[in-house]
Amino acid sequence: MRSIDPLRVSANVDDPDNDPIDLSFAWTKNSSVAQTSTASLARPGTQTASVSAEMLTRGDVWSAQITVTDGEGSAQATTEDLTILSAPPVVESVLITANEARPRTTSQLQVSYTTRDPDPGDSLTRVDIEWRIDGQVVPGVNGVILAPSYTQKHQRITATVRAYDQDNTASTPVTSAELEIENTPPITTIPRILPKTAGIAQSTNLDCQSERCTTGNDFQCVPGTYYDADGDPEVHRYNWYRNELIYSLFLPVPEISGQSLNRGMVIFCTAEPFDGEDAGTSRQSASIYIDNARPTFTSIAIAPTSPREGQTVTATVSGWNDADGDPEQYRYVWFVNNTDIGHSGPEIDSQLFNKGDKIRVEVTAYDLFESGRTAMSSTVTAINTAPSIGLVRVIP
C-alpha cells in the first residue's frame, strides 16, 4: 500500500436471524486510534470503510478493528497490520528548448522538467534523462543538455524523464513533445566584382580600384566565404544593379557582359547564399564606376615607302576599336629627321621634306573624352628624284 492510495476495509457480515446490523470501524495508526466511523445494514451484507490518502504517511503502520452487533449479541475482527510504502515521485512536465529562437544544428538543446513527491519530506535522489533522435536512443547522454554535435536538420528530438526518490522508487516515465531541428540558412561574406580581362587568369584579375573598368570588360561577381552549418553544398544567387536599378534577378551565373553597360554607369552585385531550402542574408559588393574606354588601333602604315619630290606621304591607321562605340578619330604628329614639323593631318606633301630626309608619324587615337593608344610608325626615307629633259631641238 502506497501513501497515495486510500485505505479501504470491507466487512462481510452474516446473521442467521437476518437482524439489522450496526457496525463500527476503528482505524489505528501506529497503535493509536486515528479515525472511527459507524454504519448500519438493514440486513446482513457487506459494508466498506476507508481512510483518505491525505492521512497516510510513508512508514506508518495501520490496522482496522470492526465491531458488529444485532442489538443482542456482537462480534469483533481486526485486520493485519499494514505498513504504508513510499509513493513514487511524479514527473509533471517535460519540455525541450533551444538556446536559439529556432532549433537548428547550431543550437544547444536543454530539457526542463517539474516533479513532485507525494510523501512529505521525501526528496529526489536521481533523475534519469533519455534523449532520442528519430526514435533512437542517444548513447552516453544522460544530462539535461544535448550538444549541437549530435543533431542534424529535420531530425526529431525527444527526452524522457524518470525520477527516483530516496527509497529508489521510480516515477512513471514522461516523454516530451517532439522538437524538430530546422534547416540552418547559410551565410556568406561580402562579394567582389572582378573584370574578366582577356588573357589574364581569373586568379590574377585586378579589381577596379587599380585597373580601369570599362564596357570593354565582362564582369563577374565573386562571392565571399560560404558557410552552412548543415554541410549543404555551396550555392549563391546573384543580382546585378545598374545605377541602383536591378538588372538581373537571381541569375545562377555570376557574370554580366560589358555590352549591357554604358560609360558612366555605377554597378554593384549582391550574392545570396542558398542551400536548396532557405536563403541566407544577401551581401552587397562595393560599387564600381564604368569608366570611359580608351580607343585603340592595331597598326600604322606610311605610303609610299620611298617618297620622292612631288609625292604626298600618307599615314594609314588600321584596326580602330572603341568599346563605347565612339567614332574613329586620330591625332597625327609628323617628324622629319626627328623634328616635329607641326603638321597634324594624315598626310604631308613634298614641300615639307627633301631627298634624304627620314620621315615618320606618331598617331594617337582619341574619342573626344580622352586619348587612347599612341604609336609611332616605321621610318621611311625620301629618295632622289631623277632629272628630266625638256624639249630637244637640233639647230642647223
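Not measured: the values here are computed from a predicted model. (Residues numbered from 1 in each chain as written. Predicted model: local features only at pLDDT ≥ 70, side-chain atom pairs only at ≥ 80, totals over all residues. Heavy atoms only, no water.)

1. Observations concerning the sheet that holds strand β17 (residues 192-196)
So the rule is basically this: Only strands joined by at least two bridges in the DSSP assignment are considered to pair. Counting from the N terminus, the helices are the DSSP runs of H or I reaching at least four residues and the strands are the DSSP runs of E reaching at least two.
Read across the open sheet, the 3 strands follow the order β17-β18-β22; overall the sheet is antiparallel. Strands at the two margins of the open sheet, each flanked by one partner only, are β17 and β22 (255-256).

2. A closer look at the pattern of salt bridges
Rules: The salt bridge definition used is simple: a Lys or Arg side-chain nitrogen within 4 Å of an Asp or Glu carboxyl oxygen. Buried residues are those whose accessible area, probed at 1.4 Å on protein chains only, stays under 20% of the maximum for their type, while exposed residues exceed 50% and partly exposed ones sit between those limits.
Under the counting rule described, the total for this entry stands at 14 salt bridges. Between Arg263 and Asp326 there is a salt bridge; the shortest N-O distance is 2.8 Å. Here Arg263 is found in the loop between β22 and β23 (266-273), whereas its partner Asp326 is found in the loop between β27 (313-318) and β28 (330-336), with 63 residues between them in sequence. In this structure, Arg294 engages Glu370 in a salt bridge whose closest nitrogen and oxygen atoms are separated by 3.4 Å. Residue Arg294 is located in the loop between β25 (288-289) and β26 (299-303), and its partner Glu370 is located in the loop between β31 (358-366) and β32 (371-376); the two are separated by 76 residues in the primary sequence. Classification of Arg294 as partly exposed rests on a relative accessible area of 46%. Look at Glu370 and you get partly exposed, because its relative accessible area is 23%. Here the salt bridges share partners, and the residues they tie into one network are Arg212, Asp291, Arg294 and Glu370.

3. Examining the environment of Pro6
Checked against the element boundaries, Pro6 lands in the segment before β1 (7-12). Judged by relative accessible area, which is 29%, Pro6 ranks as partly exposed. Taking the C-alpha atoms as reference points, Pro6 and Ala53, separated by 47 residues in sequence, lie 4.4 Å from one another.

4. Some words on the side chain of Ser107
Put simply, the test is: Definition of a polar contact: a pair of N or O atoms within 3.5 Å, with one able to donate and the other able to accept a hydrogen when the atoms are protein atoms, and with sequence-neighbouring residues admitted only if both atoms are side-chain atoms.
Tracing the sequence through the fold places Ser107 in the loop between β8 (90-98) and β9 (109-116). At a separation of 2.8 Å, a polar atom in the side chain of Ser107 contacts the main-chain amide nitrogen of Arg104.

5. Some thoughts on the pairing of strand β20 (residues 236-242)
Counting buried residues in β20 gives 5 out of 7 residues, a clear majority hidden from the surface. Sheet topology places β20 next to β23; 7 bridges connect them, and they run antiparallel. Across the sheet, Tyr238 pairs through a bridge with Ala271, a residue of β23.

6. So, the packing of aromatic side chains
Defined as follows: Two aromatic rings from Phe, Tyr or Trp, using only the six-membered ring of Trp, form a pair when their centres are within 6.5 Å; if the ring planes differ by under 30 degrees the pair is stacked, by over 60 it is edge-to-face, and anything between is tilted.
Going through the model one piece at a time under the given rule, you end up with 4 aromatic pairs. Plain terms: the ring middles of Tyr241 and Phe268 are 4.7 Å apart, the flat faces sit at 15° to each other, and that makes the pair stacked. Here Tyr241 is found in strand β20, whereas its partner Phe268 is found in strand β23, with 27 residues between them in sequence. Classification of Tyr241 by relative accessible area gives buried; the value is 19%. Of the residues examined, Phe268 reaches a relative accessible area of 5% and is grouped as buried. Measuring from centroid to centroid gives 5.5 Å for Trp320 and Tyr330, while their planes differ by 90°, and the two rings are edge-to-face. One end of the pair, Trp320, is in the loop between β27 and β28; the other, Tyr330, is in strand β28, and 10 residues separate them in sequence. Ring pairing ties together the aromatic residues Phe297, Trp320, Tyr330 and Tyr332, which thus form one cluster.

7. Considerations on the layout of surface pockets
Worth spelling out the cut-off: Cavity and pocket criteria rest on a 1 Å grid covering protein atoms alone: a 1.4 Å probe that fits but cannot get out defines a cavity, protein on both sides within 12 Å along at least 5 of 7 lines defines an open pocket, and an atom within 4 Å of a point defines a lining residue. Grid points are joined across faces, edges and corners, and a volume is the space filled by probe spheres set on the points. Polarity classes work like this: nonpolar for Ala, Val, Leu, Ile, Met, Phe, Trp, Tyr, Cys and Pro, charged for Asp, Glu, Lys and Arg, and polar for all others, with Gly in that last group.
Taken as a whole, the largest pocket encloses approximately 240 Å³ of empty space. Lining the largest pocket we find 13 residues, and of these Thr214, Gly216, Asn217, Ala293 and Arg294 sit closest to its centre. Residue composition of the lining of the largest pocket, by class: 2 nonpolar, 7 polar and 4 charged.

8. Structural notes on the nonpolar core
Rules: Here, the term nonpolar core denotes a set of buried Ala, Val, Leu, Ile, Met, Phe, Trp, Tyr and Cys residues that are joined through side-chain atoms within 4.5 Å.
Counting residues in each nonpolar core, the largest one holds 19 residues, and the members touching the most others are Phe297, Tyr332, Trp334, Ile359, Val361 and Val363. Going through the elements one at a time, β26, β27, β28 and β31 are the ones with two or more residues in this core. Of all hydrophobic cores here, the second largest spans 18 residues; its members include Leu7, Leu41, Val51 and Val68.

9. Digging into the sheet that holds β8
Taken in spatial order, the 3 strands make up an open sheet running β8-β9-β12, and their pairing is antiparallel. The outermost strands of the open sheet, each flanked by one partner alone, are β8 and β12 (145-146). As paired elements, β8 and β9 share 8 bridges and run antiparallel to each other. Following the sheet pairing, Val94 is matched in β9 by Tyr113.

10. Observations concerning the state of the cysteines
Definition in use: In what follows, a disulfide is any cysteine sulfur pair within 2.5 Å.
By the definition in use, this model includes 1 disulfide. Disulfide pairing is shown between Cys221 and Cys269; the S-S distance is 2.1 Å. Its S-S torsion of approximately 70° makes the covalent link between Cys221 and Cys269 right-handed. On the criterion of sequence distance, the pair formed by Cys221 in strand β18 (residues 218-222) and Cys269 in strand β23 is long-range, its members being 48 residues apart. A residue is classified by how much of its surface remains accessible, and Cys221, at 1% relative accessible area, is buried.

11. Notes on the environment of Met265
By secondary structure assignment, the location of Met265 is in the loop between β22 and β23. Sequence separation between Met265 and Arg242 is 23 residues; the distance between their C-alpha atoms is 6.4 Å.

12. A few points about the side chain of Thr158
The criterion, for reference: A contact between two residues is defined here by any heavy atoms of the two lying within 4.5 Å.
With respect to the helices and strands, the residue Thr158 is situated in strand β13 (residues 156-165). The contacts of Thr158, once residues within four sequence positions are left out, are Ile96, Glu130, Trp131, Arg132, Thr175, Ser176, Ala177 and Glu178.

13. As for the confidence of the model for the protein chain
The condition is simple: Confidence per residue, as judged by the predictor, is encoded in pLDDT with a range of 0 to 100.
With 94% of its residues at a pLDDT of 70 or more, the protein chain has an overall mean of 90. Contacts from residues 199-204, a stretch scored under 50 in pLDDT, to residues over four places away or in other chains number 2 contacts.

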